[in-house]
Amino acid sequence: MQMFVYLTMIPEWKARFEPHSFDFRPGRSSFDVAHYIGGNFVPKKGKRPHLGQVLDADISACFDNINHNALLRKLRYELQIGLIKWWLKAGSISKIGFSSINKGTPQDGPISPLLANIALDGMERIFGI
């Protein structure tokens, strides 16, 4: 079910994401960053090297600390919001029993990277990159 929702969300978010966001995005990688900034790589055909800045952020416990309400406010469609809210509140089971969660996203589901990118969308505008 997560993959189904992911596939329905990708077209919208691919169009909405900031143009220079590369991580956890289908068809993008660190090599695309190298092509973008020029580096030691040959730029992709038709693309000019960018001699600007790159924000490489390793956000500590990113998946564990995403605010559910802030993430859900960025979503538009009720069905997606309802399912994602349900997944975010699902909690986990371990040797010590069930534990509920109030923040963070599931890390092993197919939708997890997309939810992280949605939560982090806007950093480019904040940092003026």
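Presented here is a report on the structure given in the accompanying data block.

Parameters at a glance
Residues numbered from 1 in each chain as written. Predicted model: local features only at pLDDT ≥ 70, side-chain atom pairs only at ≥ 80, totals over all residues. Heavy atoms only, no water. Helix = DSSP H or I, 4+ residues; strand = E, 2+ residues; numbered from the N terminus. Buried < 20%, exposed > 50% of the residue type's maximum accessible area, 1.4 Å probe, protein only. Contact = heavy atoms within 4.5 Å. Areas by Shrake-Rupley, 256 points an atom, 1.4 Å probe, with all protein chains shown as cover. Phe/Tyr/Trp six-rings, centres within 6.5 Å; stacked < 30°, edge-to-face > 60°. Lys NZ or Arg CZ within 6 Å of the ring centre and 35° of its normal. Salt bridge = Lys/Arg side-chain N within 4 Å of Asp/Glu carboxyl O. Axes fitted to C-alpha atoms, helices over the stretch in contact; angles between N-to-C directions. Parallel < 35°, antiparallel > 145°, perpendicular 65-115°, else oblique. Left-handed = near helix turned anticlockwise from the far one by under 90°.

**A few points about the overall build of the protein chain**
Logical step 1: When its secondary structure is counted, the protein chain shows seven helices and two strands.
Logical step 2: Each helix and strand of the protein chain, placed in order from N terminus to C terminus, yields the pattern α-α-α-α-α-β-β-α-α.
Logical step 3: The buried share of the protein chain, taken over its 129 residues, is 32%.
Logical step 4: Of all intrachain contacts in the protein chain linking residues separated by at least 6 positions in sequence, the fraction that spans at least 24 positions is 62%.
Logical step 5: Of the accessible surface of the protein chain, which amounts to about 9,000 Å², a share of 58% is contributed by carbon and sulfur atoms.

**Let's talk about the packing of aromatic side chains**
Each aromatic ring pair is specified by the distance between its two centres and by the angle formed by the two planes.
Logical step 1: Counting across every chain of the model gives zero aromatic pairs.
Logical step 2: Over the ring of Trp-13 we find Arg-16; its NZ or CZ atom is 4.0 Å from the centre of that ring.

**Some details on the environment of Leu-71**
Logical step 1: Looking at the secondary structure, you find Leu-71 in helix H4 (residues 68-73).
Logical step 2: With near-sequence residues (within four places) excluded, Leu-71 lies in contact with Ile-66, Leu-88, Thr-105, Leu-115, Ile-118 and Ala-119.

**Description of the pattern of salt bridges**
Logical step 1: Summed over the entire model, instances satisfying the criterion amount to two salt bridges.
Logical step 2: Between Arg-16 and Glu-12 there is a salt bridge; the shortest N-O distance is 2.6 Å. Placement of both Arg-16 and Glu-12 in helix H1 (residues 2-16) is noted, with a separation of four residues, approximately one turn of the helix.
Logical step 3: Residue Arg-16 is classed as partly exposed on the basis of its relative accessible area of 29%.
Logical step 4: Here Arg-76 and Glu-12 are joined by a salt bridge, their closest N and O atoms 3.6 Å apart. With a gap of 64 residues between them, Arg-76 in the loop between H4 and helix H5 (78-88) and Glu-12 in helix H1 connect regions that are remote in the sequence.
Logical step 5: The class of Arg-76 is exposed, set by a relative accessible area of 53%.

**Comments concerning the packing of H1 against H5**
Logical step 1: Between H1 and H5, whose axes approach to 11 Å, the crossing angle comes to 130 degrees. Classified by the angle between their axes, H1 and H5 sit oblique to one another. By crossing handedness, the relation of H1 to H5 is classed as left-handed. On H5, the residues that touch Gln-2, Val-5, Thr-8, Met-9 and Glu-12 of H1 are Gln-80, Leu-83, Ile-84 and Trp-87.

**Some words on the side chain of Glu-12**
Logical step 1: Look at Glu-12 and you get buried, because its relative accessible area is 16%.
Logical step 2: Excluding its chain neighbours within four sequence positions, the residues that come into contact with Glu-12 are Arg-76, Tyr-77 and Gln-80.

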